[in-house]
Amino acid sequence: MDVTAELSLYPLQEDYIPVIQRFIEQLAATRDIAVVTNAMSTQISGDASAVFGIVQAALEASYRDFGKQVLVCKFIPGLLPIQSP
């Protein structure tokens, strides 16, 4: 099964940009999913196992490296057309 997800990470610290950048870099490090970022969120799509796995791994690493954060996710079944602006 394929899914498309929209992710928004909210680090609970003042210097939040490096935290978000590292999270996105981790998502984009795998070739198993498509990753598109804009000013408001990051969209990813691919096989559900790959999408859920990379989100889990990236979030666990981010928690370990940077502490408290909030991740808001929306998941929709299927591959929606995501593309760079």
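Every value quoted in this text rests on a predicted model; they were computed, and no experiment measured them.

Caption draft 1: Quick peek at the packing of aromatic side chains. In total, this model carries one aromatic pair according to the counting rule given. Centre to centre, the rings of Phe52 and Phe75 are 4.9 Å apart; their planes meet at 50°, and the pair counts as tilted. With Phe52 in helix α2 (residues 48–66) and Phe75 in strand β4 (residues 69–77), the pair connects residues that are 23 residues apart, well separated along the chain. Here Phe52 falls in the partly exposed class, since its relative accessible area comes to 40%. On the basis of relative accessible area, Phe75 is assigned to the partly exposed category, the value being 36%.

Definitions and cut-offs
- Residues numbered from 1 in each chain as written.
- Predicted model: local features only at pLDDT ≥ 70, side-chain atom pairs only at ≥ 80, totals over all residues.
- Heavy atoms only, no water.
- Phe/Tyr/Trp six-rings, centres within 6.5 Å; stacked < 30°, edge-to-face > 60°.
- Helix = DSSP H or I, 4+ residues; strand = E, 2+ residues; numbered from the N terminus.
- Buried < 20%, exposed > 50% of the residue type's maximum accessible area, 1.4 Å probe, protein only.

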